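# Report on the structure
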Amino acid sequence: MELKHGYYHLIAILTVAIWGLTFISTKVLINHGLTPQEIFFYRFLIAYLGIWVISPKRLFTNNWQDELWLVAGGIFGGSLYFFTENTALGITQASNVSFIICTAPLLTTILSLLFYKSEKASKGLIYGSLLALMGVGLIVFNGSFVLKISPIGDLLTLLAALSWAFYSLIIKKMAGRYPTIFITRKIFFYGVLTILPAFLLHPLHPDTAVLLQPAVLFNLLFLAVLASLICYVLWNVVLKQLGTVRASNYIYLNPLVTMIASFLILDEKITLVALGGAACIVCGVYWAEKK
């Protein structure tokens, strides 16, 4: 049963809000000794096992071309996205990564207009998107506008943003052909499969004692069950119902949620500049979503 159109906007906001909390969970897991690759592997593996329980037991798509599209989805929306983003965090400034990764909606809009004639971008959507992106910059740099260029790290982050944009287009292409849960399950499977080569450089050494610690187990389950299994399904539905351009603009809310969560959980301060950025994001997203 399809929901009223307005509910999909609410689902998009809630999904992005949950994704905004993943930064904190990932930070906790890294502090307990897990590497970014391990976190992604456990996250998607648990999500895959979970979705297999509720997903039809169909194994493959109707043809090999569609199967390859879902392989690409697992790479762009899973292994490549997380690998490039997390690797960039170890090379360049976190502020650079946070800002560049939020160009994903803008890149999605550009690619959608290039590949899908059905997608249209009004002046309000474009101006609202740019206003929201400016708000992201205010929150991320927090009044300290010193952008230290790190070519490799910044290019990796841009590649991550492009990966998410391509993932959005792939989901749009496949959404009308197969059930959303089936598509999401395949994304998880190919995401796990294509991250395995990364362990050739940094072998996986599971430590049961660490993994069973309450803080580690709770945050892994949060990332796997809520932020991956549930949110990926919901986001794929939102992309289908709202379109890639309109849905992707809600990603600008991600830094806003992270800022609020960091204030409440990590006791980080919120400055006037950050509040101004928050206002720009809210106004920009609202402007972009108005018909």
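Along each chain, residues carry numbers from 1 onward, in the same order as the chain's sequence is written. Confidence filtering applies because this is a predicted model: local features only for residues at pLDDT of at least 70, side-chain atom pairs given and counted only at 80 or more, and all residues used for totals across whole chains, interfaces and linings. No hydrogens and no water enter the side-chain calculation; it runs on all heavy atoms of the structure.

## Quick word on the packing of helix α2 (residues 36-54) against helix α8 (residues 180-195)
- It is the contact of α2 with α8, at a shortest axis distance of 9 Å, that shows an interaxial angle of 145 degrees. Regarding α2 and α8, the two cross each other, and that crossing is left-handed. Where α2 abuts α8, its residues Phe40, Phe41, Phe44, Leu45, Ala47, Tyr48, Ile51 and Trp52 lie against Ile181, Thr184, Arg185, Ile187, Phe188, Phe189, Gly191, Val192 and Ile195.
- Amino acids are sorted into nonpolar (Ala, Val, Leu, Ile, Met, Phe, Trp, Tyr, Cys and Pro), charged (Asp, Glu, Lys and Arg) and polar (every other residue, Gly among them). Here the contact of α2 with α8 is built from residues that sort into 14 nonpolar, 2 polar and 1 charged. Axis definition: a line fit to C-alpha positions, over the contact stretch in the case of helices; interaxial angles, taken between N-to-C directions, run 0 to 180 degrees. A run of DSSP states H or I qualifies as a helix once it reaches four residues; a run of E qualifies as a strand once it reaches two. Both are numbered from the N-terminal end. Handedness of each helix crossing follows the sense of rotation of the near helix against the far helix: counterclockwise by less than a right angle gives left-handed, clockwise gives right-handed. Whether two residues are in contact is decided by their heavy atoms, any of which lying within 4.5 Å being enough.

## Describing the packing of α8 against helix α10 (residues 214-242)
- Two elements in contact, α8 and α10, have axes separated by 9 Å at closest approach and are oriented at 125 degrees. In terms of orientation, α8 and α10 fall into the oblique class. α10 is crossed by α8, and the crossing has right-handed handedness. Of α10, the residues touching α8 (which contributes Thr180, Ile181, Thr184, Ile187 and Phe188) are Ser228, Leu229, Tyr232, Val233, Asn236 and Val237.
- Within the contact of α8 with α10, the residues separate by chemical class into 7 nonpolar, 4 polar and no charged. Relative orientations are named as follows: roughly parallel for angles under 35 degrees, roughly antiparallel for angles over 145 degrees, roughly perpendicular for angles from 65 to 115 degrees, and oblique for any other angle.

## Quick word on the packing of aromatic side chains
- Two rings from Phe, Tyr or Trp (for Trp, the six-membered ring) form a pair when their centres are within 6.5 Å of each other. A pair whose planes differ by under 30 degrees is stacked, one over 60 is edge-to-face, and the rest are tilted. Evaluated as defined, the whole model comprises 21 aromatic pairs.
- Note on Trp164 and Tyr232: the rings are 6.1 Å apart at their centroids and 85 degrees apart in plane angle, and the pair reads as edge-to-face. In this pair, Trp164 is assigned in helix α7 (residues 151-175) and Tyr232 in helix α10, connecting sequence segments 68 residues apart. Grouping residues by exposure puts Trp164 and Tyr232 together as buried.
- Joined through ring pairs, the aromatic side chains of Trp19, Phe40, Phe44, Tyr81, Phe82, Trp164, Tyr167, Phe188, Tyr232 and Trp235 make up one cluster.
- Each ring is checked for a lysine NZ or an arginine CZ that lies within 6 Å of its centre and within 35 degrees of its normal; such an atom marks a charge sitting over the ring. Above the plane of the ring of Phe182 lies Arg58, whose end atom (NZ or CZ) is 5.3 Å from the centre. Between buried and exposed lies partly exposed: a residue is buried under 20% and exposed over 50% of the maximum accessible area for its type, with that area taken using a 1.4 Å probe on protein chains only.

Any functional reading would require information beyond the geometric quantities listed.
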